[in-house]
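Okay, here's what each chain looks like letter by letter:
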Amino acid sequence: MKKIITSAALAATAFGMAMTVDAAARDHISIVGSSTVYPFSTTVAERFGRSTNFKAPKVESTGTGGGMKLFCGGVGVQYPDMTNASRAIKDSEKAMCAENGVKDIVEVLIGYDGIVVANAKSAKQFQVTRKDLFLALAKEVPNAKGDALIANPYKTWKDVNPTLPAAKIEVLGPPPTSGTRDAFVEMAMEGGCTQFPLIAAWEKADKNAFKAACHEIREDGAYVEAGENDNLIVQKLNANPNALGIFGFSFLDQNSDKVQASTVDGQEPTFDTIADGSYPISRPLYFYVKKAHVGVVPGIAEYLAEFTSEKAWGDDGYLTEKGMIPMAKPKRAKMAADIKALKTL
């Protein structure tokens, strides 16, 4: 029995030593995830690398869903320390993390962003409603009587709404792995589909039917998956003035000389309308930290302190210059305290 215990202890010691060796092999923070949060995370990483003795974190844009898969892969330096997200972590992702030993996760709400529907500045500005967006992009829509769903027959925006242009429906947007796509279908598409009594009744009676009707986007070429690179969407809009694109407000802010936002339900996306929630497609932004890596991979606590400093995420912080909408000061103070204490989900 003594031999067995000794062997187990030796094995545990060897595992711990291996982790230490692995940690020494990575001297920088590894961050993956949302393309929307990417520019904010990169800005903080660059400043952190210049102003401290730590190496600048490596930030990769993998999309929110892709980032969660990598982050939840396990504990150890072969896995990312943090993942950016343009939506909150899902219960299924928490379960995936737990299955792989990632049990202590720190959630960091960093601020807000709006999802914009934009086109080239050389074209006429669009004025759409969430109902218009649903009818233009849903895989199935209500028939003329409103008593059944049919394959989406609409080819032009004028087909959707007589007040809109007779232009072909062509929308460039993110793939299913993107948090921007998740947020768009939940806020814009759902906001439109619930205006039809047939579908609205399913919200309580048949959640699966409701989700399928509101969230499934057409696959006949009207919606074009443009990958996780929002800058690519901006480039394609300039090449095709008849197309619309879906991406975060921060990219609109950075490319305001090239693209313009459509109004949605009569509201234009601005710093103020996103901050007060009056713009209907607004969302919170996050990143998640693996607590087990804090103190093992150098610089994580210090990076968190930089990101949650007033000079970074404050009302006049450098992240607002990149298009991030800050939280109210009391909420920032509470969040900063929770992060400093490494409060977990």
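If you're wondering where the values come from, they're calculated on a predicted model, not measured in any experiment.

(A) Region of interest: the domain arrangement of the protein. Assigned domains of the protein: these are domain 1 (30-112 + 284-341) and domain 2 (114-282). Between the C-alpha centres of domain 1 and domain 2 the distance comes to 28 Å. Opposite the 21 residues of domain 1 that make contact, domain 2 presents 15 residues. Between domain 1 and domain 2, a total of about 1,300 Å² is buried, with carbon and sulfur atoms accounting for 55% of that surface. Of all residues in domain 1, the largest losses of buried area upon contact with domain 2 belong to Ser35, Thr36 and Ile325, amounting jointly to 34% of the total for that side. Counting across the domain 1 and domain 2 interface gives two salt bridges. A salt bridge links Asp182 to Lys90; its shortest N-O distance comes to 3.8 Å. At the boundary of domain 1 with domain 2, the tally comes to six residue pairs in polar contact (both at pLDDT 80 or more). Looking at the side of domain 1 that touches domain 2, the elements that each hand over two or more residues are α2 (38-51) and α3 (64-71).

(B) Layout of the environment of Arg26. With respect to the helices and strands, Arg26 occurs in the loop between α1 (2-25) and β1 (30-33). For Arg26, a relative accessible area of 9% puts it in the buried group. In sequence terms Arg26 and Ala209 are 183 residues apart; their C-alpha atoms lie 47 Å from each other. The residues contacting Arg26, other than those within four sequence positions of it, are Val77, Tyr79, Asp81, His293, Val297 and Pro298. Within the structure, the side chain of Arg26 is placed 2.8 Å from the backbone oxygen of His28, a separation counted as a polar contact. From its side chain, Arg26 meets the backbone oxygen of Val77 in a polar contact 3.0 Å long.

(C) Layout of the state of the cysteines. Scanning all chains against the criterion turns up two disulfides. Shown here is the disulfide that connects Cys72 with Cys97, its sulfur atoms set 2.0 Å apart. Judged by the torsion about the S-S bond (-70 degrees), the Cys72/Cys97 disulfide is left-handed. Separated by 25 residues along the polypeptide, Cys72 in the loop between α3 and β3 (82-85) and Cys97 in helix α4 (residues 91-99) bring together distant segments of the chain. Residue classification places Cys97 among the buried residues on the basis of a relative accessible area of 0%. Here Cys193 is linked by a disulfide to Cys214, with a sulfur-sulfur distance of 1.8 Å. Taking the sign of the S-S torsion, 80 degrees for the link of Cys193 and Cys214, the bridge is right-handed. Pair noted here: Cys193 is in helix α7 (residues 179-193) and Cys214 is in helix α10 (residues 207-215), with a separation of 21 residues, a long-range link.

(D) Examining the pairing of strand β13 (residues 282-290) more closely. Buried residues dominate β13, accounting for eight of its nine residues. Here β3 runs beside β13; their pairing, made up of four bridges, is antiparallel. From the neighbouring strand, Thr83 faces β13, where its bridge partner is Tyr288. As paired strands, strand β4 (residues 105-120) and β13 are joined by nine bridges and run antiparallel to one another. Counterpart to Ile105 in the pairing with β13 is Lys290.

(E) Local environment of helix α11 (residues 230-239). Buried within α11 are the following residues: Asp230, Ile233, Val234 and Leu237. Taken around the axis of α11, the buried residues stretch over an arc of 100 degrees, which confines them to a single face. Exposed residues pointing more than 90 degrees away from the buried face of α11 are listed as Gln235 and Ala239. Of the surrounding secondary structure, the elements contacted by the buried residues of α11 are β4, β8 (171-173), β10 (244-248), α12 (249-254) and β11 (259-261).

(F) Spotlight on the packing of α2 against helix α14 (residues 300-307). Direction vectors running N to C along α2 and α14 enclose 115 degrees, while the axes themselves pass 10 Å from each other. Judged on the interaxial angle alone, α14 and α2 are roughly perpendicular. The crossing of α2 and α14 is right-handed. Facing Phe40, Ser41, Val44, Ala45, Arg47 and Phe48 of α2, the residues of α14 in contact are Glu302, Tyr303, Glu306 and Phe307. Counted by class, the contact of α2 with α14 contains six nonpolar, one polar and three charged residues.

Reading the values: the criteria
- Residues numbered from 1 in each chain as written.
- Predicted model: local features only at pLDDT ≥ 70, side-chain atom pairs only at ≥ 80, totals over all residues.
- Heavy atoms only, no water.
- Domains from an automatic or database assignment.
- Contact = heavy atoms within 4.5 Å.
- Buried area = accessible area lost by both parts, 1.4 Å probe.
- Salt bridge = Lys/Arg side-chain N within 4 Å of Asp/Glu carboxyl O.
- Polar contact = N/O pair within 3.5 Å; in protein donor to acceptor, adjacent residues only side chain to side chain.
- Helix = DSSP H or I, 4+ residues; strand = E, 2+ residues; numbered from the N terminus.
- Buried < 20%, exposed > 50% of the residue type's maximum accessible area, 1.4 Å probe, protein only.
- Disulfide = S-S within 2.5 Å.
- Pairing = 2+ DSSP bridges.
- Arc of directions from axis to C-beta.
- Axes fitted to C-alpha atoms, helices over the stretch in contact; angles between N-to-C directions.
- Parallel < 35°, antiparallel > 145°, perpendicular 65-115°, else oblique.
- Left-handed = near helix turned anticlockwise from the far one by under 90°.
- Nonpolar A, V, L, I, M, F, W, Y, C, P; charged D, E, K, R; others polar.

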